[in-house]
Amino acid sequence: DVKVTQSSRYLVKRTGEKVFLECVQDMDHENMFWYRQDPGLGLRLIYFSYDVKMKEKGDIPEGYSVSREKKERFSLILESASTNQTSMYLCASSLRSGGRLTQYFGPGTRLTVL
Amino acid sequence: QKEVEQDPGPLSVPEGAIVSLNCTYSNSAFQYFMWYRQYSRKGPELLMYTYSSGNKEDGRFTAQVDKSSKYISLFIRDSQPSDSATYLCAMTPILTGGGNKLTFGTGTQLKVEL
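Reference entry: report on the structure contained in this document. (Residues numbered from 1 in each chain as written. Chains lettered and ligands numbered in written order. Predicted model: local features only at pLDDT ≥ 70, side-chain atom pairs only at ≥ 80, totals over all residues. Heavy atoms only, no water.)

### Some words on the interface of chain A and chain B
Taken residue by residue, the interface counts 26 residues in chain A and 21 residues in chain B. Taken together, the two surfaces of chain A and chain B that pack against each other cover about 1900 Å², and 58% of this comes from carbon and sulfur. Our count for the chain A to chain B interface comes out at zero salt bridges. On inspection of chain A and its partner chain B, the count reaches four residue pairs in polar contact (both at pLDDT 80 or more). When residues of the side of chain A that touches chain B are traced back to their parent elements, those giving at least two are β4 (31-38), β5 (42-49) and β9 (87-94) of chain A. In the side of chain A that touches chain B, the residues fall into 14 nonpolar, nine polar and three charged. (Contact = heavy atoms within 4.5 Å. Buried area = accessible area lost by both parts, 1.4 Å probe. Salt bridge = Lys/Arg side-chain N within 4 Å of Asp/Glu carboxyl O. Polar contact = N/O pair within 3.5 Å; in protein donor to acceptor, adjacent residues only side chain to side chain. Helix = DSSP H or I, 4+ residues; strand = E, 2+ residues; numbered from the N terminus. Nonpolar A, V, L, I, M, F, W, Y, C, P; charged D, E, K, R; others polar.)

Right, here's the structure in full:
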C-alpha cells in the first residue's frame, strides 16, 4: 500500500522562527512535491524534486527552500516564518514517467504562525 | 484567467441523487486527467484516472473527458453521506524526462444529506 507520511499533523510557530517540514515516501518514487492549500486558492505548488539533490521552483517558492538528500525524503524549510505562511502543507510523490503520473499525498501539516 | 476552473460549491444533494462535478481547462496540451477526493483535515486521495478523451467507470463513479470542449466531469450515482468531501480535478500534459507537475482545480465541496 502506498504511503506518504509527514512529520507533524499540527504545528504552531512564532514569526521569525525557522520551520522544517519533513516528508517521507516508501514507494521508491522519483518525484516529490510540496504544496500549500488555502481556502479559495486550491493547491499551489511550492517546490518539486525529480531526483535526489534536484529541485525546481513551483508557482510560489518565495519564502521557502527545500532539501532532498535521500530519495525517500523531501524537506520543506521556512527560513523565517511569517503569518502569511499559515496554511495546510501537503507533500506528494509520484513516478517520473512510464504511465501512471498520479501523485500520492500525505495527510498534511496544518501550520499556524503567530 | 486560471488554467483550470472548478466551481467551489458548496453543493448539497439528498442521499441517492446523481451528482455531477465539472472542470473546464484552457491548456490543450493536457492529456491525463484525474479526480481526487479530500475529506476534511486529510490529504487528497486519487479517485479516478483517465487518459485523453472518453469515459471511465469504477463502481458508482464515472469520469468523462471531452477534449474538444476542454471539459471534464465526474458523475457519482446513488450518492451516499460518505461521499461528502471536496473533489479536486487535476491534469497534466505528457512529459518526458523531468517532473510531471499537476494543475489542480480549486475543488468542489460536496455534501450528501440523509
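### A closer look at the sheet that holds strand β1 (residues 4-6) of chain B
Residues and elements named next belong to chain B. Here we have five strands laid out as an open sheet, ordered β1-β3-β8-β7-β6, and antiparallel in their pairing. This sheet does not close on itself; its edge strands, each paired only once, are β1 and β6 (54-58). The mean inter-strand angle of the sheet, taken between neighbouring strand axes irrespective of direction, is 15 degrees. Where strand β3 (residues 19-25) meets strand β8 (residues 71-76), six bridges bridge the pair, whose relative direction is antiparallel. Residue pairing in the sheet places L21 in a bridge with L74 of β8. (Pairing = 2+ DSSP bridges. Axes fitted to C-alpha atoms, helices over the stretch in contact; angles between N-to-C directions.)

### With respect to the packing of aromatic side chains
Following the criterion strictly, the structure yields 12 aromatic pairs over all chains and no others. With centroids separated by 5.7 Å and ring planes inclined at 40 degrees, the aromatic side chains of Y35(A) and F105(A) adopt a geometry described as tilted. In this pair, Y35(A) is assigned in strand β4 and F105(A) in strand β10 (residues 104-105), connecting sequence segments 70 residues apart. The two residues Y35(A) and F105(A) agree in class, both being buried. Their ring planes at 45 degrees and their centres at 5.9 Å tell us that Y32(B) and Y49(B) sit as a pair that is tilted. Here the residue Y32(B) occupies a position in strand β4 (residues 30-38), and Y49(B) occupies one in strand β5 (residues 45-51), the gap between them amounting to 17 residues. Overall, the relative accessible area of 13% leaves Y32(B) in the buried class. In this structure Y49(B) comes out as buried when scored by relative accessible area, which is 11%. An aromatic cluster is present here, built from F33(A), Y35(A), F48(A), F105(A), Y36(B) and F104(B) joined pairwise through their rings. (Phe/Tyr/Trp six-rings, centres within 6.5 Å; stacked < 30°, edge-to-face > 60°. Buried < 20%, exposed > 50% of the residue type's maximum accessible area, 1.4 Å probe, protein only.)

Functional significance is not addressed by these values, which are geometric in nature.
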